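What follows is each chain in one-letter form.
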Amino acid sequence: GGGILCVDSSVSVEECAIVDNSVITDDPVAIGGAGIACIGGACAIEESRISGNVVEDNSGQGGGVSCEGAATTIWGNAITGNDGGGFNNTTVIDAAVIDASGNWWGTRTAAGVAAEISGNVDFTRFLLTGEDTSVEPGFQPTLGKGNVRVKVVGGRLMITGDNLDNQIIIEK
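Residues numbered from 1 in each chain as written. Predicted model: local features only at pLDDT ≥ 70, side-chain atom pairs only at ≥ 80, totals over all residues. Heavy atoms only, no water.

1. Some points on the pattern of salt bridges
Our working rule: Salt bridge, as applied in this entry: a Lys or Arg side-chain nitrogen positioned within 4 Å of an Asp or Glu carboxyl oxygen. The secondary structure listing takes helices from DSSP runs of H or I that are at least 4 residues long and strands from runs of E that are at least 2 residues long, numbered from the N terminus. Only protein chains enter the calculation, and the probe is 1.4 Å; a residue is then buried if its accessible area is under 20% of its type maximum, exposed if over 50%, and partly exposed in between.
A full pass over the atoms with the stated rule returns 1 salt bridge. Among the ionic pairs, R49 bridges to D132, the shortest N-O distance being 3.3 Å. A residue pair is termed long-range when its members are at least 10 positions apart, and R49 in strand β7 (residues 49–51) and D132 in the loop between β16 (126–127) and β17 (147–153) qualify at 83 residues. For R49, a relative accessible area of 26% gives the class partly exposed.

Laid out in structure tokens, this is it:
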């Protein structure tokens, strides 16, 4: 990773700004995301700003965060404006699902958030606003405002949210 690289270790990233890093993926030393790359171990990322990170010669690795075989939880972050996407989960063992709920992805739509993510990632209950409630480092989200819940029930995609006037149901 250009900003933080974690290999077979447990790390907690809290209230940090991981901004404007770059990785050239054809470099044999470069691994994973330009902002944060977690390979093995466990990684918790909370209340941080991850933006403007670039993966050059992108081979499907996330510009913001890339995860491979790591138990990762990402909550309460602003993950925006990263070239190569916001989050990439390349973990295929046991179809591991990464919990990336409660984050601001720079968009207010489920389709827009899904476009920022690749791999098996649960992003439901994402934030609808990137409002930062503090001047402290990192990102302190406005909780209780702008949350969206997405679920599939009986072949129907149901989207509900705190700031939505109506429930939206899309049938297959």
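2. Section: the sheet that holds strand β1 (residues 4–7)
The line we're drawing: In this analysis, strands are considered paired if DSSP registers two or more bridges between them.
As summarised here, the arrangement of the 5 strands in space is β1-β5-β9-β12-β14, forming an open sheet in which the pairing is parallel. Only two strands of the sheet have a single neighbouring strand rather than two, namely β1 and β14 (117–118). Pairing analysis gives 2 bridges linking strand β12 (residues 87–89) to β14, with the strands arranged parallel. Of the residues in β14, the one forming a bridge with F87 is I117.

3. With respect to the sheet that holds strand β3 (residues 17–19)
Put simply, the rule reads: Interaxial angles span 0 to 180 degrees and are taken between N-to-C directions of axes, which are lines fitted to C-alpha atoms, for helices over the stretch in contact.
The sheet built from 3 strands is open, its strands ordered β3-β7-β11 with parallel pairing. Each edge of the open sheet carries a strand with a single partner, namely β3 and β11 (78–80). Within the sheet, the average angular offset between the axes of one strand and its neighbour, ignoring direction, is 0 degrees. By the bridge criterion, 3 bridges tie β7 to β11 in an arrangement that is parallel. Counted as the bridge partner of R49 is A78 from β11.

4. Regarding a negative patch on the surface
Note the cut-off: Each patch groups residues whose relative accessible area exceeds 30% and which form no salt bridge, using 9 Å between like charges and 5 Å between nonpolar side chains of Val, Leu, Ile, Met, Phe, Trp and Tyr. For the area figures, the Shrake-Rupley method with a 1.4 Å probe applies, and any residue is considered shielded solely by the protein chains shown. Positive charges come from Lys and Arg alone, negative charges from Asp and Glu alone, with His and the N- and C-terminal ends not counted. Where a charge sits is defined by one atom per residue type, namely NZ (Lys), CZ (Arg), CG (Asp) or CD (Glu).
A surface patch of like charges, here negative, comprises E14, E15, E46 and E136. E46 gets classed as partly exposed once you look at its relative accessible area, which sits at 33%.

5. Some thoughts on the pairing of strand β6 (residues 42–46)
What you see with β6 is a clean split: C43 and I45 sit on the buried side and A42, A44 and E46 on the side with no burial. Sheet analysis places strand β2 (residues 10–14) next to β6, joined by 5 bridges and oriented parallel. Bridged to V13 within β6 is I45. Judged from the 5 bridges that link them, β6 and strand β10 (residues 71–75) form a sheet pairing that is parallel. When the sheet's bridge partners are listed, C43 is paired in β10 with T72.

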